[in-house]
Amino acid sequence: MNQLPNNLSPRINVVIPLFNDWEALMLLMQQISSTVDPVLYGRFAFLVVDDCSDATLKQPTQSYVGQSLSILRLWRNVGHQKAIALGLAYLADQPDQYPTVVMDSDGEDLPADIAKLMEASTQQPNKIVFAHRSQRHEGVIFRFFYLIYKTIFRLLTGRIITFGNFSLIPPHQLQKLVHVSEIWNNYPGGVIRSRLSYMAIPIERGNRLAGNSKMNFVSLVLHGLSTISVLMDTTAVRIALFCVLATGVSLLGMAAVAYLHLFTNVDVPGWASFLVLSFFVVILQAFLISILLIFMVLSYRTQQHFMPANQYRDFIERVDSLPIVSTPAPVVSSAS
């Protein structure tokens, strides 16, 4: 068990976005009570962001751990990343501010690792601390496509992203973060775009406690695109530079063909004219893409973006507070 910081906050907010995953959440609560130091989990104030789940599913009626358990009910389904932004904005609007942990409800973010985040935050109090996935348990296909995603992300943005949502936000950084519109599309990408100080520590990923993941291949692609879109300015510049490079190579190719044809006795094959035409098409496409990117960036900069700190209330139906009991948490079977 990790050593807890001496100056531990009297309250630690835990934001958990959830969509139809109540069984896993109840197992997560049981896991917290059995694996986390009581000194730590006794300070937890859970905020479950119910992303408009199916009302017919069995839901918890009380909590066995922490100081409180509240459920933020949303009017409509907004998706995982937006649910996180709404939960953070709600907490930032409260009178008192405390460290805030963001974690998933499925159990892949291990509760015992919160102590590692707290310890790292104590050493670097001004930084948001993310969990860098030192080891993953997904299949070979997922890891292959994830490697492709990281490679594309680095080529388009010039950055490396190895962390997800599991993180700890210092109280003085939360107010700044909810005024970053980019967290509405992607929380980790929004932190990178905000230029707030952050760090990542190696933490192993756990296994899902119950049910099946709601993420399919299309959802994963959309998630990757949302991360890249947060850094649109940088991405547009790097694509524009690639277009300039492609234009330069095409002009050199056209010049080489023209030189061989006009100034040498080398027999130029018949397909050289098609090669020159291809180079011209590449130049035209690069020009059109560059113009399109310029207008996209200018349009993005002039638009008024969603600000979680100011507009989060429009999505909240109500906040339910569940009673806290001191008896041990019951065992919840993960069998379907």
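Below is a summary of the structure that appears in this document. (Residues numbered from 1 in each chain as written. Predicted model: local features only at pLDDT ≥ 70, side-chain atom pairs only at ≥ 80, totals over all residues. Heavy atoms only, no water.)

1. Here we look at the side chain of Glu108
And step 1. Among the structural elements, Glu108 can be located in the loop between strand 4 (100-102) and helix 4 (114-123).
And step 2. Judged by its relative accessible area of 16%, Glu108 falls in the buried class.
And step 3. Other than its neighbours up to four places away in sequence, Glu108 contacts Arg133, Arg205, Gly206, Asn207 and Arg208. (Helix = DSSP H or I, 4+ residues; strand = E, 2+ residues; numbered from the N terminus. Buried < 20%, exposed > 50% of the residue type's maximum accessible area, 1.4 Å probe, protein only. Contact = heavy atoms within 4.5 Å.)

2. Here's the deal with a nonpolar patch on the surface
And step 1. On the surface, Leu277, Phe280, Val281, Leu284, Phe287, Leu288, Ile291, Ile294, Phe295 and Leu298 cluster together to form a nonpolar patch covering roughly 970 Å² of accessible area.
And step 2. Considering the arrangement of structural elements, one finds Leu288 in helix 10 (residues 272-302). (Patch = residues over 30% accessible without salt bridge, like charges linked within 9 Å, V, L, I, M, F, W, Y side chains within 5 Å. Areas by Shrake-Rupley, 256 points an atom, 1.4 Å probe, with all protein chains shown as cover. Salt bridge = Lys/Arg side-chain N within 4 Å of Asp/Glu carboxyl O.)

3. Details of the nonpolar core
And step 1. Counting residues in hydrophobic clusters, the biggest one holds 41 residues, and the most contacted among them are Leu88, Ile128, Ile169, Leu177 and Tyr187.
And step 2. Counting residues per element, the ones that place at least two in this core are strand 2 (44-50), strand 3 (68-74), helix 3 (80-92), strand 5 (128-133), helix 5 (140-157), strand 6 (163-169), helix 6 (171-177) and helix 7 (187-194).
And step 3. In this structure, Leu88 is in contact with Val15, Thr100, Val102, Ile169, Leu174, Leu177, Val178 and Tyr187, ignoring residues within four places of it in sequence. (Core = buried A, V, L, I, M, F, W, Y, C linked by side-chain atoms within 4.5 Å.)

4. Focus on the sheet that holds strand 6
And step 1. Read from one edge to the other, the open sheet built from 8 strands follows the order 7-5-6-4-1-2-3-8, with strand pairing classed as mixed. Each edge of the sheet is formed by a strand with only one pairing partner; in this case those strands are strand 7 (198-203) and strand 8 (316-322). Averaged over all neighbouring strand pairs, the angle between strand axes comes to 25°, with direction disregarded.
And step 2. Strand direction decides the pairing type here: strand 1 (residues 12-18) and strand 2, joined by 7 bridges, are parallel. Its bridge partner lying in strand 2, Val14 is registered against Phe46.
And step 3. Its contacts with the sheet put helix 1 (residues 22-35) on strand 1, strand 2 and strand 3, and the angle it makes with strand 2 is roughly 170°.
And step 4. Where helix 7 meets the sheet, it contacts strand 4, strand 5, strand 6 and strand 7, and its direction lies at approximately 65° from that of strand 6. (Pairing = 2+ DSSP bridges. Axes fitted to C-alpha atoms, helices over the stretch in contact; angles between N-to-C directions.)

5. Some points on the packing of aromatic side chains
And step 1. One pass over the structure, following the stated rule, counts 8 aromatic pairs.
And step 2. With a centroid separation of 5.5 Å and 75° between ring planes, the pair formed by Phe44 and Phe46 is classed as edge-to-face.
And step 3. In this structure Phe44 comes out as buried when scored by relative accessible area, which is 0%.
And step 4. Its relative accessible area of 2% is what places Phe46 among the buried residues.
And step 5. Between Phe130 and Tyr187, the aromatic rings sit 5.7 Å apart at their centres with planes inclined by 45°, giving tilted as the arrangement. With a gap of 57 residues between them, Phe130 in strand 5 and Tyr187 in helix 7 connect regions that are remote in the sequence.
And step 6. Look at Phe130 and you get buried, because its relative accessible area is 0%.
And step 7. Classification of Tyr187 by relative accessible area gives buried; the value is 0%.
And step 8. One aromatic cluster is present, formed by Phe130, Phe163, Tyr187 and Tyr198 through successive ring pairs. (Phe/Tyr/Trp six-rings, centres within 6.5 Å; stacked < 30°, edge-to-face > 60°.)

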